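Understanding the architecture of this molecule
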Amino acid sequence: GAGVSQSPSNKVTEKGKDVELRCDPISGHTALYWYRQSLGQGLEFLIYFQGNSAPDKSGLPSDRFSAERTGGSVSTLTIQRTQQEDSAVYLCASSLRGGIMNTEAFFGQGTRLTVV
Amino acid sequence: EDQVTQSPEALRLQEGESSSLNCSYTVSGLRGLFWYRQDPGKGPEFLFTLYSAGEEKEKERLKATLTKKESFLHITAPKPEDSATYLCAVRRPSGGTSYGKLTFGQGTILTVHP
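Residues numbered from 1 in each chain as written. Chains lettered and ligands numbered in written order. Predicted model: local features only at pLDDT ≥ 70, side-chain atom pairs only at ≥ 80, totals over all residues. Heavy atoms only, no water.

All names here are of chain A. Strand order across the open sheet formed by four strands is 1-3-8-7, with antiparallel pairing between neighbours. Of all the strands in the sheet, just strand 1 (5-7) and strand 7 (65-69) have a single pairing partner and so form its edges. In this sheet, neighbouring strand axes are inclined to one another by 15 degrees on average, regardless of whether the strands run parallel or antiparallel. (Pairing = 2+ DSSP bridges. Helix = DSSP H or I, 4+ residues; strand = E, 2+ residues; numbered from the N terminus. Axes fitted to C-alpha atoms, helices over the stretch in contact; angles between N-to-C directions.)

Okay, structure coming up:
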């Protein structure tokens, strides 16, 4: 597609439920990133994919958070047993290359998650 | 640990009143300093990448510059449509677990009044 696409754009869930957030990167982009932006806070790195593997998962806040990427394209961020502190905007970005040859990253519109 | 500090937190300008936003950074071996613009309810929009001290890039009313410790985003004769949050981010060398992830500052909220 023309840009990074994220779905859903908004998600309201009850505390304790699991949620899945989806990211479709720009076609041909090998690197994919997930970030989280809480109200009034900066962007917090969660995880980086190069192809289907995730060499950097250092930002995942707890074992309730996981992510996968299939076919070198679509990625899913899963949050299990959601808590109110998980409420934030989850942003996905992709770049043409990662690693040593990494290039600028382009962001999607984000998924606004609200845990009630 | 990489640190990025942006100032001011908020800036209010009159239309046509030029000013600058600051981004101070601490990173071992900078591999790119990035400026993004973010409108409310939207994802960050890429503006510029700077790689070495002395480098400058321009786009319309915006000019970004880079030194060894900081970057400036100069806004010349701003218009109300330039109102947004401007984010600065740094990328460190790849290797170990630092595979090119971006570390962002808190942003500067720019408001331009007509």
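Let us keep going from here.
Among the nonpolar cores identified, the biggest contains 24 residues, and Leu33(B), Trp35(B), Leu73(B) and Tyr86(B) are the most heavily contacted of them. For this core, the elements supplying multiple residues, two or more each, are strand 2 (10-14), strand 3 (19-26), strand 4 (33-38), strand 5 (45-50), strand 7 (62-66), strand 8 (70-75), strand 9 (84-91) and strand 11 (108-113) of chain B. In terms of residue count, strand 9 of chain B provides more of this core than any other element does, four residues in total. Apart from residues lying up to four places away in sequence, Leu73(B) is in contact with Ser19(B), Ser20(B), Leu21(B), Trp35(B), Phe48(B), Leu62(B), Lys63(B), Ala64(B) and Tyr86(B). Counting residues in hydrophobic clusters, the runner-up holds 19 residues, among them Val4(A), Trp34(A), Leu46(A) and Leu77(A). (Core = buried A, V, L, I, M, F, W, Y, C linked by side-chain atoms within 4.5 Å. Buried < 20%, exposed > 50% of the residue type's maximum accessible area, 1.4 Å probe, protein only. Contact = heavy atoms within 4.5 Å.)

Below, the discussion takes up the sheet that holds strand 3 of chain B. Residue and element names in this part refer to chain B. Strand order in the open sheet formed by five strands is 1-3-8-7-6, and the pairing between neighbours is antiparallel. Only two strands of the sheet have a single partner each, and these edge strands are strand 1 (3-7) and strand 6 (56-59). Neighbour to neighbour, the strand axes of the sheet diverge by 15 degrees on average, direction disregarded. Pairing between strand 6 and strand 7: four bridges, direction antiparallel. Residue pairing in the sheet places Lys59 in a bridge with Leu62 of strand 7.

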